[in-house]
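Fold and contact review
In case you want the letters, here they are:
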Amino acid sequence: MKKIKILTAVLLSLCLAFAVTGCSGDNLKDSVINGFNDMLQHFSKYALTDEKDLQGDKTKGEDTYTGSYTADYEDFNDKEYIFGGTALERDKGSELTVTYELTVDSGTARLYAGNQQVTG
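As the structure is a computational prediction, the values presented were derived from the model and not from experiment. (Residues numbered from 1 in each chain as written. Predicted model: local features only at pLDDT ≥ 70, side-chain atom pairs only at ≥ 80, totals over all residues. Heavy atoms only, no water.)

**Regarding the pairing of strand β2 (residues 67-70)**
- As judged from the four bridges shared by strand β1 (residues 57-60) and β2, these two strands associate in the antiparallel manner. Within β2, the position partnered with D57 by the bridge is T70.
- Adjacent in sequence and paired antiparallel, β1 and β2 are bridged by six residues. (Pairing = 2+ DSSP bridges. Helix = DSSP H or I, 4+ residues; strand = E, 2+ residues; numbered from the N terminus.)

**A short note on the side chain of E80**
- Take E80: it is sitting in the loop between β2 and β3 (111-113).
- Of the side chains with opposite charge, K58 comes closest to the buried, unpaired E80, at an N-O distance of 10.0 Å.
- Within polar-contact distance, the side chain of E80 engages the backbone nitrogen of Q55 at 2.6 Å.
- Among all residues touching E80, those that are not within four sequence positions of it are T49, D53, L54, Q55, G56, Y69 and Y73. (Buried < 20%, exposed > 50% of the residue type's maximum accessible area, 1.4 Å probe, protein only. Lys, Arg positive; Asp, Glu negative; His and termini not counted. Salt bridge = Lys/Arg side-chain N within 4 Å of Asp/Glu carboxyl O. Polar contact = N/O pair within 3.5 Å; in protein donor to acceptor, adjacent residues only side chain to side chain. Contact = heavy atoms within 4.5 Å.)

**What about the confidence of the model for the chain?**
- Looking at the chain as a whole, its pLDDT mean stands at 78, while 82% of the residues score no less than 70.
- When mean pLDDT is taken per element in the chain, β1 scores highest with 92 and helix α1 (residues 2-21) scores lowest with 67. (pLDDT = per-residue confidence, 0-100.)

**Thoughts on the pattern of salt bridges**
- For the structure shown, the criterion picks out two salt bridges.
- The salt bridge partner of K60 is E51, with a shortest N-O separation of 3.3 Å.
- Owing to a relative accessible area of 60%, K60 belongs among the exposed residues under this scheme.

**Examining the packing of aromatic side chains**
- Under the counting rule described, the total for this entry stands at two aromatic pairs.
- Between the aromatic rings of F43 and Y46, the centroid separation amounts to 6.4 Å while the plane-to-plane angle is 45°, which identifies the pairing as tilted. (Phe/Tyr/Trp six-rings, centres within 6.5 Å; stacked < 30°, edge-to-face > 60°.)

**Looking at unusual backbone geometry**
- Its identity is not glycine, yet D75 carries a phi of approximately 55°, on the positive side.
- Inspection of the secondary structure assignment puts D75 in the loop between β2 and β3.

Here you go:
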């Protein structure tokens, strides 16, 4: 509920800022799109698992989409959202490469990239 209130306040602030600046035409459209993209990127970081709650060690990259993560799981039955975000356009480009090594001694593990389950 708190996130919805913050989101509403940000959207209203953006609308007010655009109305006050008197932008018109393509400048207004670009400003709205860029503002919306910035807002998406800002709020999407809150969907990731807090570093203090991660089971392993995370090394941050240049943004929330990149970095490295190493973990040894034992009796872990939960989800971790380690990297990612939501953006119309990522500053560093939209192409990402996922490199992983997954060794399962017992039980099962799933790795998702986007909404697709990665197998291998």
